[in-house]
Structure formats: C-alpha cells, structure tokens
Amino acid sequence: HFHEALDDANRGVELDPGDAGALHQLGNVQFALGQLQPARETYLKLLRLAPGEPGAWNNLGATLETLGDSGAALRAYRRAAECQPPSTSALLGIAFIQIRAGQLDDATVTQDQLEKLQRTPRAATLAARSAIARRRGDTRRADALEQQARQLDPAAAAWAVERAAKSLADSAARKRD
C-alpha cells in the first residue's frame, strides 16, 4: 500500500518538480516507510519552494526528531509555530522535546500557547500535560489528565502517552549516563 503511494508520489514529483503538494506527499510517504534521510531531503526541497508552509516545517521537525537531532527538530518546530496559521502539531512537538530535556517550565508555557490556539482540549495536548505532571511527581494529576485524554480520543491519547513515555525514558537514560 505505502509502496504504491511512494510510486504515485514519485510520479507526481517527476511530472512537476515544483509541485509543493506532490513534494509534501512524497515526504510524508517516505517518512511513513521509515525512509528518514530521503524524507528530510524532500521536506527541505519543499521548504525552498514554500518557506511559509507550517506543515512542511512540522514534518521536517518530526523527521529530525526521529533521526535523533532534537536541536534541529526544535528549530523546525519553532519555524512551524511562527507561521500563520501556527502549527499546533509543531507546538506539541516542541513541548515533547522540552519535556524530554527536563525543561518543564518551558513545556508548560508551550502547552499554554497550544491550548490558546485550540478551541477545545485535545487528547494529545492533555497527554503532554500529563507527562509534565508525571515528571513533576504529581501522579494523581497525571493519571487524571491521561484518563481525560483517553476519553476524548483513545488513539491520539495512546500515541501521545507513548511519546511522553519515550521522553521520560530518554530523560532517565541521560541521567544515568
């Protein structure tokens, strides 16, 4: 299924190398297939064509984060958050990097910005708040926020809780080293 999508996306880019939509689709498929370096290059090519595209900056951030380059990912997420309209996904990515780095006050400020942009609470946002509370040792609040997130959207909450758990595990591993 994804390999057919990759063929289609490659054909779209071959037909029109300046088609931002085709490049975005190609980068997304490459990312989904775990082709992270090609996805990175595709998103960079897209951003040369459309530097104000928040989705491209966000996806570049996610790719860089997956590649383990948190600093570059944070810069890409921040660019996405500066676009109009700002990328709420990028703000969430920033918050998770800040949580992983133990910058809980910064993560709280980022979460506040995110929540101002959202009309209603979202599962991933609540799960990130839960991770902040858990890092601060407030297990009761963390559990309540996580439960609320799971009630809103079980799949999104599961993804965010897993991402938060990875952030906590990465942070704990760095403390041991």
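Trainee: Just give me the short version of unusual backbone geometry, but keep the residues and values in it.
Mentor: Omega for the peptide link from Gln84 to Pro85 comes to -5°, which places this bond in the cis form. In this structure, Pro85 sits in the loop between helix H5 (70–82) and helix H6 (88–100).

Trainee: I'd love a proper account of helix H4 (residues 54–66), names of residues and values included.
Mentor: Spanning 13 residues, H4 covers 18 Å between terminal C-alpha atoms, matching the ideal 18 Å at 1.5 Å per step. Among the 13 residues in H4, 10 count as buried, and that is most of the element. Listed in full, the buried residues belonging to H4 are Pro54, Ala56, Trp57, Asn58, Asn59, Leu60, Gly61, Thr63, Leu64 and Glu65. For H4, the capping residue at the N-terminal end is Glu53, with a side-chain oxygen 3.1 Å from the backbone nitrogen of Gly55.

Trainee: Describe the packing of helix H1 (residues 2–15) against helix H2 (residues 20–32), listing the residues and the values that go with them.
Mentor: Closest axis-to-axis distance for the H1/H2 pair is 9 Å, and the angle between their directions is 150°. As judged from the angle between their axes, H1 and H2 are roughly antiparallel. The two elements H1 and H2 cross, and the hand of that crossing is left-handed. Together, Phe2, Ala5, Leu6, Ala9, Asn10, Gly12 and Val13 of H1 and Ala22, Leu23, Gln25, Leu26, Val29, Gln30 and Ala32 of H2 make up the contact between the two elements. Of the residues assigned to the contact of H1 with H2, the class counts are 10 nonpolar, four polar and no charged.

Trainee: Account for the side chain of Glu65, naming residues and giving values.
Mentor: Within the element layout of this structure, Glu65 appears in helix H4. Not counting the four nearest positions on each side in its chain, Glu65 is found in contact with Ala73, Tyr77, Ile97, Arg100 and Arg163.

Trainee: So, the environment of Ala81: which residues are in play, and what are the values?
Mentor: Here Ala81 shows up in helix H5. Taking the C-alpha atoms as reference points, Ala81 and Asn58, 23 residues apart in sequence, are found 8.2 Å from one another. In this structure Ala81 touches Pro86, Ser87, Ala90, Leu91 and Ile94, once residues within four positions along its chain are discounted.

Trainee: So, the environment of Gln148: which residues are in play, and what are the values?
Mentor: Tracing the backbone through its elements, the reader meets Gln148 in helix H9 (residues 139–152). A relative accessible area of 36% places Gln148 in the partly exposed class. Remark: the alpha-carbon pair of Gln148 and Ala127, spanning 21 residues in sequence, is separated by 8.5 Å.

Trainee: Kindly report on the packing of aromatic side chains, identifying the contributing residues and their values.
Mentor: For the structure shown, the criterion picks out one aromatic pair. Aromatic side chains Phe96 and Trp159 sit 6.3 Å apart centroid to centroid with 85° between the ring planes, which places their arrangement in the edge-to-face category. Of this pair, Phe96 sits in helix H6 while Trp159 sits in helix H10 (residues 154–176); the two residues are 63 residues apart in sequence, bridging distant segments of the chain. For Trp159, a relative accessible area of 42% translates into the label partly exposed.

Trainee: Describe the packing of helix H8 (residues 123–135) against H9, naming the residues involved and giving the relevant values.
Mentor: Across the interface, H8 lies against H9 with an axial gap of 8 Å and an inter-helix angle of 165°. With respect to their mutual orientation, H8 and H9 come out roughly antiparallel. Here H8 and H9 pass one another in a crossing that is left-handed. In this structure, H8 contributes Ala123, Leu126, Ala127, Arg129, Ser130, Ala133 and Arg134 to the contact, and H9 contributes Thr139, Arg141, Ala142, Asp143, Leu145, Glu146, Gln148, Ala149 and Leu152. Broken down by class, the residue content of the contact of H8 with H9 amounts to eight nonpolar, three polar and five charged.

Conventions and cut-offs
Residues numbered from 1 in each chain as written. Predicted model: local features only at pLDDT ≥ 70, side-chain atom pairs only at ≥ 80, totals over all residues. Heavy atoms only, no water. Helix = DSSP H or I, 4+ residues; strand = E, 2+ residues; numbered from the N terminus. Expected span 1.5 Å × (residues − 1). Buried < 20%, exposed > 50% of the residue type's maximum accessible area, 1.4 Å probe, protein only. Polar contact = N/O pair within 3.5 Å; in protein donor to acceptor, adjacent residues only side chain to side chain. Axes fitted to C-alpha atoms, helices over the stretch in contact; angles between N-to-C directions. Parallel < 35°, antiparallel > 145°, perpendicular 65-115°, else oblique. Left-handed = near helix turned anticlockwise from the far one by under 90°. Contact = heavy atoms within 4.5 Å. Nonpolar A, V, L, I, M, F, W, Y, C, P; charged D, E, K, R; others polar. Phe/Tyr/Trp six-rings, centres within 6.5 Å; stacked < 30°, edge-to-face > 60°.

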